Amino acid sequence: MASARPTTSAAPAEADCVRAGTPVAHPGDDARPGGSAPAATSRPPGTRHPLTDEQRRAEEFRRQQAANDAFRQRGTLAEEAASGARACAADVRRSLNLLTAGDRDEPGQEAVRRAIVATGLTEVTVRPPGRLDLGPADGLVFAGWTGRACVFGSVRAGDVTVEIGARIADGGCLPAPG
């Protein structure tokens, strides 16, 4: 016998770094969702220039490649989630910049994790980049959850990148390390 799940209308719990109201936006704090697949460029029906077999194969290959990368695509982040995520991203950026300031060596995985957890984000992941990650191939990639948005990026000696966005299509803030 299947049991029915009770439905609740409670708002999701949000990270401590999410502040009420809209924080001041800083350059680079915008959500940068993963690019969407470009529109198909086939000719409209009824034209007298049908696609050649080679063009059809190329188009099919392009579509298959887009489908292969679809799991990494981010949805659209609602503005009410984005405003709180920007505040969290600013806190993360500030904490990580302190770790990489000066001529310090590249920060360790545990130090980056502690800095991100201290901002109040949950579901924090910090790891070396995997083959499926977008961005630099060295340093560390990270992600955390505000309760409504992902704060993610990369950190290496002298370079910190922090972005916000919706979860990726497979449900997480980062692809599996692969």
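Residues numbered from 1 in each chain as written. Predicted model: local features only at pLDDT ≥ 70, side-chain atom pairs only at ≥ 80, totals over all residues. Heavy atoms only, no water.

### Overview of the state of the cysteines
Item 1. For the coordinates displayed, the defined rule picks out two disulfides.
Item 2. Two residues, Cys17 and Cys88, share a disulfide whose sulfurs are 1.9 Å apart. Residues Cys17 and Cys88 are joined by a disulfide whose S-S torsion is about 100°; by sign, that bridge is right-handed. A residue pair is termed long-range when its members are at least 10 positions apart, and Cys17 in the segment before α1 (53–69) and Cys88 in helix α2 (residues 79–100) qualify at 71 residues.
Item 3. Overall, Cys17 belongs to the buried group, its relative accessible area being 2%.
Item 4. Between Cys150 and Cys173 runs a disulfide, and the two sulfur atoms are separated by 2.1 Å. Its S-S torsion of approximately -80° makes the covalent link between Cys150 and Cys173 left-handed. Linking Cys150 in strand β3 (residues 150–156) with Cys173 in the segment after β4 (159–165), this pair joins segments that are 23 residues apart in sequence.
Item 5. By relative accessible area, which is 9% here, Cys173 ends up buried.
Item 6. Regarding the disulfides, the chain carries the connectivity 1-2, 3-4 under sequence-order numbering of its bonded cysteines. (Disulfide = S-S within 2.5 Å. Helix = DSSP H or I, 4+ residues; strand = E, 2+ residues; numbered from the N terminus. Buried < 20%, exposed > 50% of the residue type's maximum accessible area, 1.4 Å probe, protein only.)

### Describing the pairing of β3
Item 1. Here β3 lies mainly inside the structure; six of its seven residues are buried.
Item 2. Both β3 and β4 contribute to a ladder of seven bridges, which runs antiparallel. Bridge assignment links Gly153 to a residue of β4, and that residue is Val162.
Item 3. The turn joining β3 and β4, which pair antiparallel and follow one another in sequence, is formed by two residues; a positive phi near 75° is taken by Gly158. (Pairing = 2+ DSSP bridges.)

### Re the pattern of salt bridges
Item 1. For the coordinates displayed, the defined rule picks out five salt bridges.
Item 2. The shortest N-O distance in the salt bridge between Arg156 and Asp159 comes to 3.1 Å.
Item 3. Among the residues examined, Arg156 registers a relative accessible area of 24% and is labelled partly exposed.
Item 4. Taken together, the shared-partner salt bridges connect Asp138, Arg156 and Asp159 into one network. (Salt bridge = Lys/Arg side-chain N within 4 Å of Asp/Glu carboxyl O.)

### Quick look at the sheet that holds strand β1 (residues 122–127)
Item 1. Reading across from one edge, β1-β2-β3-β4 is the order of the four strands in this open sheet, with antiparallel pairing throughout. The outermost strands of the open sheet, each flanked by one partner alone, are β1 and β4. In this sheet, adjacent strand axes meet at a mean angle of 10° when their direction is disregarded.
Item 2. Of the pairings in the sheet, the one linking β1 to strand β2 (residues 140–145) comprises four bridges and is antiparallel in character. Across the sheet, residue Arg127 finds its bridge partner in β2, namely Val141.
Item 3. Docked against the sheet, α2 engages β2, β3 and β4, running at close to 165° with respect to β4.
Item 4. Here helix α3 (residues 109–117) sits on the sheet in contact with β1, β2 and β3, set at roughly 155° to β1. (Axes fitted to C-alpha atoms, helices over the stretch in contact; angles between N-to-C directions. Contact = heavy atoms within 4.5 Å.)

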